[in-house]
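Single-letter residue listing:
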Amino acid sequence: MSTTVHLKVNGQAHDVSVEPGTMLLYVLRDNLGLHGPKFGCGLSECGACTIHLDGQATHSCVLPVEAAAGHEITTLEGLGTIDHPDPLQKAFIDEQAVQCGYCINGMIMTAKALLKTNPHPTRDDIKQALDGNLCRCGTHMRIVRAIERAAKAGATA
């Protein structure tokens, strides 16, 4: 039996009818058509599904949608657009940090949360923040340089 859950995603209110216990990732992708968050492992181990829940980086693959009701949800689509990317997204483009792109949602969302709380992170701070995000293409150093570039440019909010 489905239930209706009220969500606020990227500043917009949504009512979704879902089975109880459905993970937020599936609702974002399947019900709301937001494909920034990716399904990677389904076990909160790779970070491809990272979103912001009240500004905190959160793995949406293990978060029941009911737990997200009443909270501000931000996805990659809520940061910037193709025409007006967020400064952090621009830094990823400038550093050519994307290879296959599958992990980049999680890398950007995690980095954005880091820069919000620590606008001048050290390289070790960045590596520690990204510890829960996997990149199988091996562009880790480009990703770190992109975050350093964004921090240097003052891309915090």
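Structure's up top.
The rules behind each value
- Numbering of residues starts from 1 in every chain and runs along the sequence as written.
- At least 70 in pLDDT is required for a residue's local features to be given in this predicted model, at least 80 for side-chain atom pairs to be given and counted, and no such filter applies to totals for whole chains, interfaces and linings, which use all residues.
- Side-chain descriptors were evaluated using all non-hydrogen atoms of the structure, hydrogens and water having been removed beforehand.
- Note on conventions: DSSP H or I runs of at least 4 residues are helices, E runs of at least 2 residues are strands, and numbering of each starts at the N terminus.
- The contact definition used throughout considers only heavy atoms, calling two residues in contact when any of these lie within 4.5 Å.
- When the centres of two rings from Phe, Tyr and Trp lie within 6.5 Å, Trp using its six-membered ring, the rings pair. Their planes under 30 degrees apart give stacked, over 60 give edge-to-face, and anything left gives tilted.
- Only protein chains enter the accessibility calculation, which uses a 1.4 Å probe; a residue is then buried when its area is under 20% of its type maximum, exposed when over 50%, and partly exposed in between.
- In the sections that follow, a salt bridge refers to a side-chain nitrogen of Lys or Arg positioned within 4 Å of a carboxyl oxygen of Asp or Glu.
- Two strands pair if DSSP finds at least two bridges between them.
- Axis lines are fitted through C-alpha atoms, for helices just across the contact stretch, and the angle between N-to-C directions can take any value from 0 to 180 degrees.

Structural notes on the environment of Gly-55
Argument step 1. Summarising the element assignment, Gly-55 is placed in the loop between strand E3 (50-53) and strand E4 (56-59).
Argument step 2. Ignoring sequence-local partners within four residues, the contact set of Gly-55 consists of Ala-113 and Lys-116.

Let's talk about the packing of aromatic side chains
Argument step 1. If you walk through the whole model with that rule in mind, you get one aromatic pair.
Argument step 2. Note on Tyr-26 and Phe-39: the rings are 6.2 Å apart at their centroids and 25° apart in plane angle, and the pair reads as stacked. In this pair, Tyr-26 sits in helix H1 (residues 24-31) while Phe-39 sits in the loop between H1 and E3, placing the two residues 13 residues apart along the sequence.
Argument step 3. A residue is classified by how much of its surface remains accessible, and Tyr-26, at 36% relative accessible area, is partly exposed.

Focus: H1
Argument step 1. Taken residue by residue, H1 has Leu-24, Leu-25, Val-27 and Leu-28 as its buried positions.
Argument step 2. Packed against the buried residues of H1 are strand E1 (3-9), strand E2 (12-18), E3, helix H2 (65-68) and strand E5 (72-74).

Considering the pattern of salt bridges
Argument step 1. Going through the model one piece at a time under the given rule, you end up with seven salt bridges.
Argument step 2. Residues Glu-95 and Arg-149 are paired through a salt bridge, measuring 2.9 Å at the closest nitrogen-oxygen approach. In this pair, Glu-95 is assigned in the loop between helix H3 (87-94) and helix H4 (104-117) and Arg-149 in helix H6 (residues 140-152), connecting sequence segments 54 residues apart.
Argument step 3. Given the relative accessible area of 17%, Glu-95 is considered buried.
Argument step 4. By sharing partners, the salt bridges in this structure join Lys-90, Asp-94, Glu-95, Arg-145 and Arg-149 into a single network.

Re the sheet that holds E4
Argument step 1. Reading across from one edge, E2-E1-E5-E3-E4 is the order of the five strands in this open sheet, with mixed pairing throughout. In the strand order of this sheet, the two ends are held by E2 and E4, each with one partner. Adjacent strand axes in the sheet meet at a mean angle of 45°, parallel and antiparallel pairs treated alike.
Argument step 2. Taken strand by strand, H1 contacts E1, E2, E3 and E5, and its axis lies near 105° from that of E2.
Argument step 3. Across the sheet, H4 touches E3, E4 and E5, and the angle it forms with E3 is around 30°.

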